[in-house]
Structures are given as C-alpha cells and as structure tokens.
Amino acid sequence: MSVELQSVPRAAGGIPLLGHALKLWRDPLGFLRSLRDTGDLVEVRLGTMPVYIATSAELIHEVTVNQARCFEKGRLFERLRPLAGNGLATANGDVHRRHRRLIQPMFHPQRITAYAEIMSANAQALVESWEPGQEVELEQVMAEYAIETLASTLFSLDIGLPAVEAVRRNLPVILKNMLVRAASPKFLDRLPIRANRDFDTAAATLRTVIDEVVATTRETGPSDRNDLLTVLLAARDSETGESLTDTEVRDELSTILFAGAETTASALAWTFHELARHPEVEQRLVAEIKEVAGDRPVTIKDVPRLLTVRRVLDEVIRLHGVTLLMRRSTAPVELGGHRLPAGTEVAFSLYAMHRDPGLYHNPDRFDPDRWLPERRATLARQAYIPFGAGNRKCIGDAFVWTEATIALATILARWQLRPVPGHMPREVASAVAHPDRVPMIVLPRDA
Ligand code: HEM
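Keep in mind that what you see is a predicted model, and the values were worked out from it rather than measured. (Residues numbered from 1 in each chain as written. Predicted model: local features only at pLDDT ≥ 70, side-chain atom pairs only at ≥ 80, totals over all residues.)

**Q** An account of the overall build of the chain is needed here, citing residue identities and associated values.
**A** In terms of regular secondary structure, the chain is built from 17 helices and 12 strands. Computed over its C-alpha atoms, the radius of gyration of the chain comes to 22 Å, within 12% of the 22 Å expected for a compact globule of 447 residues. Projected onto the principal axes, the alpha-carbon positions of the chain cover approximately 65 × 55 × 45 Å. In the chain, which comprises 447 residues, the proportion classed as buried is 45%. Residue pairs in contact within the chain that sit at least 24 positions apart in sequence constitute 76% of those at least 6 positions apart. (Helix = DSSP H or I, 4+ residues; strand = E, 2+ residues; numbered from the N terminus. Rg over C-alpha atoms; globule rule 2.2 N^0.38 Å. Buried ≥ 20, exposed ≤ 12 C-beta atoms within 10 Å, placed from the backbone. Contact = placed C-beta atoms within 7 Å.)

**Q** Help me get a handle on helix α12 (residues 246-277), residues and values and all.
**A** With 32 residues, α12 extends 47 Å from end C-alpha to end C-alpha; this agrees with the ideal 46 Å at 1.5 Å per step. Taken across its 32 residues, α12 has 27 buried, putting it largely inside the fold. (Expected span 1.5 Å × (residues − 1).)

**Q** Break down the site of the ligand for me, with residues and values.
**A** Neighbouring the ligand are 24 residues; G260, T263, G388, C394 and G396 lie closest to it. Of all the secondary-structure elements, those providing two or more residues to the shell around the ligand are α12 and α17 (397-414). No other element matches the 7 residues that α12 contributes to the shell around the ligand. Broken down by class, the residue content of the shell around the ligand amounts to 15 nonpolar, 7 polar and 2 charged. (Near = placed C-beta within 6 Å. Nonpolar A, V, L, I, M, F, W, Y, C, P; charged D, E, K, R; others polar.)

**Q** Could you give an account of helix α13 (residues 279-293), naming the residues involved and the relevant values?
**A** Helix length check: α13, at 15 residues, gives a terminal C-alpha distance of 21 Å against a target of 21 Å (1.5 Å per residue), a fit within 8%. Positive backbone phi, at 60°, marks G294, one or two positions downstream of α13.

**Q** Account for the sheet that holds strand β5 (residues 325-329), with residues named and values stated.
**A** Taking strand neighbours across the sheet as the criterion, the 5 strands line up as β1-β2-β8-β5-β3 in an open arrangement whose pairing is mixed. Taken across any chain shown, the strands that pair with only one partner, and hence form the sheet edges, are β1 (41-46) and β3 (71-72). Pairing analysis gives 3 bridges linking strand β2 (residues 49-54) to strand β8 (residues 345-348), with the strands arranged parallel. Across the sheet, I53 pairs through a bridge with A347, a residue of β8. (Pairing = 2+ DSSP bridges.)

**Q** Could you give an account of the sheet that holds strand β4 (residues 135-137), naming the residues involved and the relevant values?
**A** If you trace the 3 strands from one edge of the open sheet to the other, you get β4-β12-β9, paired in antiparallel fashion. What marks the edges here is a single partner per strand, and that holds for β4 and β9 (415-419). Strand-to-strand twist in this sheet, taken as the mean axis angle between neighbours without regard to direction, amounts to 40°. Across 3 bridges, the pairing between β4 and strand β12 (residues 439-444) is antiparallel. (Axes fitted to C-alpha atoms, helices over the stretch in contact; angles between N-to-C directions.)

**Q** Hey, could you go over the pairing of β8 for me, with residue numbers and the actual values?
**A** Looking at chain direction, β5 and β8 are connected through 4 bridges and run antiparallel. In the sheet register, L325 faces β8, and the bridge partner there is F348.

**Q** So what's going on with the pairing of β2? Which residues, and what values?
**A** As paired strands, β1 and β2 are joined by 6 bridges and run antiparallel to one another. Along β2, the bridge assignment pairs R45 with P50. As consecutive antiparallel partners, β1 and β2 are separated by 2 residues, and within that stretch G47 has a phi angle of approximately 65°, a positive value.

**Q** Can you break down the packing of helix α7 (residues 109-129) against helix α8 (residues 138-154) residue by residue, with the values?
**A** Interaxial distance between α7 and α8 falls to 10 Å at its minimum, and their mutual angle equals 145°. Note on packing geometry: the crossing formed by α7 with α8 is right-handed. Along its contact with α7, which presents Y115, I118, M119, N122 and L126, the element α8 presents Y145, E148, T149, S152 and T153. (Left-handed = near helix turned anticlockwise from the far one by under 90°.)

**Q** Explain the packing of α12 against helix α14 (residues 307-319) to me, and be specific about the residues and the numbers.
**A** In contact at an axis separation of 9 Å, α12 and α14 are set at 110° when each is read in the N-to-C sense. Here α12 lies roughly perpendicular to α14, going by the angle between them. Of the residues in α14, those touching α12 at A267, W270, T271 and E274 are V312, L313, V316 and I317. For the contact of α12 with α14, the class distribution of residues is 6 nonpolar, 1 polar and 1 charged. (Parallel < 35°, antiparallel > 145°, perpendicular 65-115°, else oblique.)

**Q** Just give me the short version of the environment of R36, but keep the residues and values in it.
**A** Here R36 shows up in the loop between α2 (28-34) and β1. Sequence-wise, R36 and A12 are 24 residues apart; in three dimensions their C-alpha atoms are separated by 12 Å. Non-local contacts of R36, meaning those with residues more than four positions away in its chain, are made with T55, A352 and D356.

**Q** Got a sec to walk through the environment of E239? Specific residues and values, please.
**A** Locating E239 in the fold gives a position in the loop between α11 (228-234) and α12. The exposed category is assigned to E239, around which 8 C-beta atoms lie within 10 Å. Through-space distance from the C-alpha of E239 to that of R98 is 9.8 Å; in sequence the pair is 141 residues apart.

**Q** Mind laying out the environment of P297, listing which residues take part and the relevant values?
**A** By the secondary structure assignment, P297 is in the loop between α13 and α14. Since 16 C-beta atoms lie within 10 Å of it, P297 is described here as partly exposed. In the structure, P297 is positioned 233 residues away from T64 in sequence and 39 Å away in space, judged by C-alpha atoms. Once residues within four sequence positions are removed from consideration, P297 is found in contact with S120, Q124 and T410.

As structure tokens, then:
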C-alpha cells in the first residue's frame with residue numbers, strides 16, 4: 001500500500017529559507033552519500049522547495065526506466081537553460097524525441113570510426129608536445145584534449161577555431177558554478193556576486209561565438225563536411241519536413257560541449273592519478289597496450305581488445321561519476337511506497353549510488369578487477385549506470401569509450417606520469433566529481 005509524501009523522511013540539518021542548500025554547497029558529495037542512511041527516498045529542501053532524493057538502485061531504475069514516461073527533466077536542467085537552451089539534455093517530450101532522432105546518426109559506429117582518427121591524431125600531437133621531466137597540470141591538459149576533440153568532430157576545426165578557443169576559456173567557468181547554481185534558490189541568481197557574473201558572462205560569450213559559427217556555416221551553404229554542425233543544418237524531420245532553427249542548432253552544440261567535455265576530461269585525469277598510485281595496474285595496462293598495438297599508433301580496431309584499459313576506465317567512472325541528476329513528475333506516480341503528485345521534483349546521485357557499500361564491496365577502493373567477468377556477474381542488476389538509463393541515457397557513451405581508450409593507450413605507450421609531490425587531488429563537485437588539480441611530471445616510458 002502506498003502512503004502520502006508527508007511520510008518521507010527528511011534529511012537532517014535543514015535551515016529556514018535555505019533548506020539544505022548550505023550543506024549542498026559546502027560538501028555536496030558527502031551530503032549526497034549520507035542520505036542513504038536516512039532512507040530509499042529522502043526529502044531535501046532547496047531553499048523552500050522540497051526535492052525527493054532516490055538513494056537506492058531500485059528506485060533510480062524506477063525513475064529512469066520503469067516510470068520514465070511519467071517524468072520530465074525538471075529543475076536542475078531548467079537552471080541550465082542559459083547555457084544549454086532547449087538542447088537534448090534539457091528538452092522534454094516530443095522535442096527531445098525529435099532531436100534525439102536527428103542527432104543519433106552522429107554517434108553511429110561508422111561515425112565513431114571516423115572520429116577515432118581525429119582522437120588518435122590529437123592524442124599523438126599531445127604526446128609529441130611533452131618534454132622529459134616537464135611538469136603538467138593534467139586536469140587542464142585533459143580538458144583541452146577533450147574540448148579540442150569534441151570541437152573538431154562537432155564543427156570541423158577550420159571554421160570552428162574561434163569557438164574552440166571560446167569554449168576552452170568559458171566552459172570551465174560555467175561548469176565550476178553550475179551545480180551550486182542549480183542547487184540554490186532562484187533568488188540567489190540575481191545577487192551581484194562574482195560567481196553569478198562569471199557564469200552569466202561565460203554563458204553569453206559561448207552563445208555568441210557558437211551563433212557566429214552557425215551563421216557562417218549557414219551562409220557558406222552546403223558542404224561535404226561530415227561534422228555534426230553540417231548534419232544538423234541539413235537535417236529534415238522525416239514526418240514534418242521541418243529543419244532546425246539556428247537557435248536549436250546552437251543549443252545542441254552547446255549541450256554536447258557541456259555534456260561531453262568535463263566528464264571525459266575528469267575521467268582521464270583521475271585515471272592517471274589512480275595509475276600512479278597503483279603501479280602494478282599500470283604495468284598490466286602497458287603490457288596489454290604493447291601486445292595489442294606494438295609500436296604503432298592505437299586505432300579504433302584496437303579498442304575492443306584493450307580489455308584491461310576498459311576495466312580501469314569502468315572503475316574510474318564508477319568512483320568519480322555524475323554528481324546529481326533530476327526529474328519532475330508529469331503525472332501522479334508511486335515511488336518506494338509513496339504517492340507523488342504531478343509536479344514533484346525527484347533527484348538521484350549516480351556518484352553516491354556507485355559508492356554504496358550495499359552494492360559494492362569496499363566501495364571507496366580503486367579495484368579494476370571488480371570488472372572481471374566473473375566478479376561483474378555477481379553485481380546487483382542496475383547497480384552500475386555511469387551513463388544513466390532509459391530514454392535519457394547518454395548519447396555519447398561509445399564516443400567517450402573510444403576517445404578515452406585511445407588517449408590512455410597513446411599516452412601510456414610513450415610516457416609515465418608521476419605525481420608532483422605535495423599535492424593530493426581532491427574531488428570537487430561539478431557535473432561529475434572532478435579533481436581540483438592533478439599536477440604531474442612526465443617521464444619517458446623507456447627510461
Ligand atoms: C565519461 C563521460 C560521460 C559520462 C559519465 C556521461 C554521463 C551522462 C549521463 C549520466 C547522462 C544522463 C543524464 C540524465 O539521465 O539526466 C548523460 C546524458 C547525455 N550525455 Fe553524457 N556522459 C559522458 C560523456 C558524454 C559525451 C562525450 C557526450 C557527447 C559527445 C555526451 C552527451 C550527452 C548528451 C547529449 C546527453 C543527453 C541525452 C538525452 O537526454 O537524450 N556525454 N551523460
């Protein structure tokens with residue numbers, strides 16, 4: 001039998017007006033992890049607004065898959081509108097379905113094969129640019145690699161160079177302020193504080209630059225380029241024959257940039273951090289890469305054979321995943337024995353779920369072997385969904401596996417990355433739990 005929402009336990013430590021917003025600002029990851037001790041469904045207040053956090057794999061599956069029909073994206077994504085407009089991640093209903101149909105072909109395996117050449121060329125250029133003994137800020141290097149790779153597959157570099165530059169400068173500012181903004185009461189957006197100014201300026205700059213790229217490409221007319229921009233401009237809806245407006249095209253490009261850049265960069269930076277702390281795992285990876293690719297550049301054909309690389313990436317993405325996602329019910333639903341009226345905000349943290357001791361043995365331990373087939377088979381169903389599930393599942397998962405595998409294999413074959421003493425990377429909550437800084441020294445592999 002289901003009961004009303006009032007009986008959902010509320011998280012401890014809320015205060016008038018701000019609710020749990022302070023807790024979310026101060027220690028979002030710790031706070032989100034703590035909620036499972038309160039229950040499977042927990043009420044949290046963002047300002048005065050109640051949000052119901054699903055903490056168990058079963059309830060997250062209900063929201064994302066079984067009852068997905070009764071949910072739209074909700075508040076978190078609405079607060080991203082200044083940045084992502086009505087792009088794929090924020091759109092709801094028919095608009096989402098139509099755009100997903102139009103964009104999906106860009107992530108077809110044949111396309112990924114073509115992108116793999118760009119990924120490999122970018123990774124080669126990166127390893128060529130390093131000098132023995134050089135100190136690098138790896139999280140920044142990886143952010144540049146991810147942004148450049150995305151931008152060159154989305155826009156083609158010849159016309160998109162100003163956009164790539166603008167993205168490189170502005171996206172980190174936006175991502176830094178995004179979660180705080182989304183979790184805060186709306187009246188705080190208007191406060192004339194630095195975080196708000198920086199967010200607004202960076203989002204506006206990004207919009208302007210991408211608008212210019214879209215307009216220039218539209219003016220120059222049809223081309224034989226195969227980038228996403230060209231495909232989006234030429235796309236026609238199979239039912240209505242309508243094409244996308246320039247604003248819709250811009251929103252899709254911005255969405256893919258914000259959804260695909262930080263997530264990938266963070267996974268790569270954490271991987272090198274973990275490998276430096278687990279030299280025995282690094283040795284296994286290097287041996288595998290040598291066996292599969294020898295001394296030639298790594299290609300798309302090698303990707304499915306680099307199984308240890310895959311397990312390491314699985315483990316990194318489990319440990320440092322997507323911080324917070326939200327939905328809003330569009331009809332009355334039942335969740336965890338409670339009746340939720342239409343318009344209820346529901347949230348969940350993949351980061352917290354992937355560190356649940358009820359699902360994972362020693363959840364904070366870096367242990368890529370937990371992804372060996374025989375151990376993976378013992379994991380609870382629905383326990384590992386780093387790319388989400390259901391109709392809103394990540395469109396870029398095959399893209400990022402290819403990109404991250406190629407980058408890792410290319411770099412590890414040539415260089416050993418060792419931490420600069422004196423700094424231990426800290427998790428900072430943004431779209432994902434990304435590292436604050438990963439300063440590293442690059443040493444030739446053969447030395
Ligand atoms: C390690 C890297 C990545 C992770 C962990 C990740 C994770 C996710 C997750 C969890 C979702 C679902 C959000 C929800 O349910 O509300 C999502 C959606 C999405 N992701 Fe990713 N992602 C990654 C890389 C990428 C890349 C490289 C791209 C683009 C090239 C991308 C584009 C998107 C888009 C457009 C959506 C919205 C899909 C829709 O609603 O139809 N992501 N991602």
